[in-house]
Every structure is written in structure tokens, then in C-alpha cells.
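Below, each chain spelled out in residue letters.
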Amino acid sequence: MAVRRLHHQQPASFAFTPENLEWAQMVIARYPEGRQASAVIPLMWRAQEQEGWVSEPCIRVIAEMLEMPNIRVLEVATFYTMFQLAPVGRKAHIQVCGTTPCQLRGAEDLIEICKRRIHHDAFHVSADGDFSWEEVECLGACVNAPMVQVVKDTWEDLTPETFEALLDGFAKGNPPPPGPQNGRTFSMPEGGATSLTDIAAILRGTTHDARPAAGDEQAPTSAARPKETRPEQQVADSPGARAVEGKTPLKPADVAAAEPKLPDTTPAPALAAGTSDGKDPAGMDPAGNAPAGKSPAGANG
């Protein structure tokens with residue numbers, strides 16, 4: 001982006017009109033205390049709509065209104081190319097889109113007309129002070145190329161003849177309505193709509209009447225209806241659900257007692273041969289000890 005500087009000739013002062021000042025104060029009030037700087041772009045845009053461009057006194061006034069340093073407002077003004085930093089035509093500042101789609105559709109012819117009727121160089125005011133022009137990047141109406149913009153309105157589908165008529169209209173104070181200048185509506189095909197032509201059907205949300213004819217109605221079936229209860233719902237139990245049904249909520253201990261008991265899979269200890277209690281036939285335990293009050297067999301012999 002080229003370096004943008006303030007114009008070398010500046011007015012002595014700037015002031016909003018009473019109506020615009022009231023509007024500016026309303027916009028500032030939208031923001032909390034300490035955040036008034038957020039209104040800098042709306043205020044500068046309204047000032048440009050009032051004066052045609054943003055001057056240095058305008059920047060100072062807005063900085064004071066928003067309690068901002070002058071340099072901060074100047075940074076915004078010089079960064080955004082939507083703000084004009086030099087005087088423009090009183091009746092119209094023509095912005096001609098010069099990117100590829102518009103170039104292919106005749107933007108160069110429109111620029112030549114600007115050079116002939118306004119000034120050979122961009123950003124220069126015409127001899128009568130009514131017009132100025134510049135070439136800009138894409139303005140977002142490629143399907144309606146070529147096109148121009150004045151302030152916030154666009155005129156599209158231009159030819160050299162319709163562009164000349166547009167300039168004549170601004171000169172007389174009666175420009176044609178914004179939008180396509182070849183008769184089409186917005187960006188629909190030049191010959192008219194080729195699809196979605198039944199407006200009534202579009203408003204109904206369908207392209208045909210889908211209601212069955214009389215006598216063709218079928219009884220409703222339950223094929224697509226969900227079952228009353230799913231398996232997981234049948235086994236689910238919660239205190240809330242039981243309370244709704246008027247049942248006593250289950251205690252955790254009751255739930256544990258009702259759970260099925262699994263068989264004990266712990267292996268039993270090995271038993272000595274010939275006995276079922278781990279003792280040999282002589283009454284000795286596996287360690288060779290006799291029961292209390294008895295002596296080993298053969299101890300008395």
C-alpha cells in the first residue's frame with residue numbers, strides 16, 4: 001500500500017453538524033467508560049460523509065471527543081483506504097474497480113472516461129470541483145463487473161454509455177438508482193431467472209404440492225416409531241425415577257444384597273491321603289504332631 005499522508009492544504013477548523021454531533025454522542029455512549037476509542041471509525045466515517053474527506057482539524061476534534069492522542073486517530077485514518085485524506089469532488093468521488101474480473105469486462109474503458117471527463121490523474125478534482133476519481137481494488141461485485149462505487153453505493157454492469165449517463169446524473173443531482181445498470185436484478189442471469197422460478201412454491205418451502213390426493217392417505221404405522229422402552233431403560237434404576245413412581249429409593253446396601261452372588265473360585269488346600277481333615281489315620285497332623293492328650297502310635301510299647 002502506498003504511503004498515505006494528509007493533504008498539504010487544510011481547513012482552519014472542523015465541527016459536526018448538530019444532527020451528526022447528536023449521532024456521534026449516541027455512538028460513543030454505546031461503549032463502557034474508558035473504551036470510547038472503539039467509536040473512532042464510525043465517527044470518522046460520519047465526518048467524511050459530512051465533508052467529503054477527513055481533514056487534520058477533523059482528526060483533532062474526534063481525538064478530543066474520544067480522549068485519544070491525535071496520533072492514534074491519525075494512524076487509523078492513514079491505515080484504512082476508505083478514508084479520503086484530500087479534498088474530493090463535491091458531487092461524486094468515483095472509485096473504479098480495476099481488478100481482474102472488471103478489467104476483463106471493460107474497466108479500462110471506464111478509467112479512460114474518468115481521465116477525459118474528470119482529470120487525467122487520479123485523486124485530482126475536476127476543473128469545476130464537482131468530480132474526482134481513483135482506481136481501487138476489488139469491491140466485491142465480480143459477477144456484475146465492471147462497476148464503480150460512490151461513498152457506499154455501487155453501480156454495476158456498466159458500459160461506456162451507461163457510465164457516461166451515470167456521470168451526467170450526478171452532475172444534474174439525479175443519478176440513477178444503484179445496482180445493475182443493464183436491467184437485471186442483483187446478480188441473476190441477464191435473461192432472467194432460470195431456476196427457482198415458482199416464487200409461490202419457494203415461499204412454501206417446496207417446488208410442488210407434496211400432499212397426497214384424496215383417498216390415497218395411508219394409515220400410520222409404527223414401523224419407524226421407537227420402542228416404548230429400550231433394554232437399558234428396563235434395567236436402569238435411580239432414586240429420582242423411583243421417587244416419581246412413588247417407590248421407596250433403594251439404599252446402596254440393598255442394591256448390593258440383591259446382586260447375584262458369584263461362586264467362590266478360591267482353590268481349597270490339599271488334603272493328606274486317607275483323611276478328609278488333613279490328618280493321617282494315626283491321628284497325626286501334617287506336621288507329625290499327635291493330638292493333645294494322645295501319644296503317637298507305638299509310643300507305649
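Undergrad: Could you give an account of unusual backbone geometry, with specific residues and numbers?
TA: With an omega dihedral of -5°, the bond running from alanine 145 to proline 146 counts as a cis peptide bond. Relative to the helices and strands, proline 146 resides in the loop between β2 (131–136) and β3 (148–150). Positive phi is not limited to glycine here, since phenylalanine 123 has a value of about 65°. Within the secondary structure layout, phenylalanine 123 lies in the loop between α6 (107–117) and β2. For phenylalanine 123, a relative accessible area of 51% translates into the label exposed. Phi at phenylalanine 186 takes a positive value of approximately 50°, unusual for a residue other than glycine. Mapped onto the elements of the fold, phenylalanine 186 is located in the loop between β5 (179–180) and α8 (199–204). With a relative accessible area of 68%, phenylalanine 186 lands in the exposed category.

Undergrad: Help me get a handle on the environment of alanine 92, residues and values and all.
TA: Mapped onto the fold, alanine 92 is located in strand β1 (residues 92–97). Residues alanine 92 and glycine 52, spaced 40 residues apart in sequence, show a C-alpha to C-alpha distance of 9.0 Å. With sequence-adjacent residues up to four places away left out, alanine 92 is seen in contact with Asp130, Phe131, Ser132, Val150 and Phe170.

Undergrad: Could you give an account of helix α7 (residues 160–172), with specific residues and numbers?
TA: Taking 1.5 Å per residue, 13 residues should reach 18 Å; α7 reaches 19 Å between its end C-alpha atoms and fits that length. For α7, the full list of buried residues reads Phe163, Glu164, Leu166, Leu167, Gly169 and Phe170. Where the residues of α7 are buried, they touch β1, α6, β2, β3 and β4 (153–156). At the C-terminal side of α7, glycine 173 shows a positive phi close to 80°.

Undergrad: Which residues make up the layout of surface pockets, and what values go with them?
TA: By volume, the largest pocket amounts to about 1000 Å³. Every residue lining the largest pocket is counted, 37 residues in all, and those nearest its centre are Thr81, Gln84, His93, Gln95 and Glu134. Listed by contribution, the elements that provide at least two residues to the lining of the largest pocket are α2 (40–51), β1, β2 and β3. Of the residues contributing to the lining of the largest pocket, the split by class is 17 nonpolar, 9 polar and 11 charged.

Undergrad: Residues and numbers for the environment of threonine 81, please.
TA: With respect to the helices and strands, threonine 81 occurs in the loop between α4 (70–79) and β1. The exposure class of threonine 81 is partly exposed, given its relative accessible area of 46%. For threonine 81 and valine 136, which are 55 residues apart along the polypeptide, the C-alpha to C-alpha distance reads 9.3 Å.

Scoring rules and cut-offs
- Residues numbered from 1 in each chain as written.
- Predicted model: local features only at pLDDT ≥ 70, side-chain atom pairs only at ≥ 80, totals over all residues.
- Heavy atoms only, no water.
- Helix = DSSP H or I, 4+ residues; strand = E, 2+ residues; numbered from the N terminus.
- Buried < 20%, exposed > 50% of the residue type's maximum accessible area, 1.4 Å probe, protein only.
- Contact = heavy atoms within 4.5 Å.
- Expected span 1.5 Å × (residues − 1).
- 1 Å grid on protein atoms, 1.4 Å probe; cavity = no way out; pocket = protein on both sides within 12 Å on 5 of 7 lines; lining within 4 Å.
- Points joined across faces, edges and corners; volume = space filled by probe spheres on them.
- Nonpolar A, V, L, I, M, F, W, Y, C, P; charged D, E, K, R; others polar.

Geometric descriptors of this kind do not, in isolation, establish any biological role.
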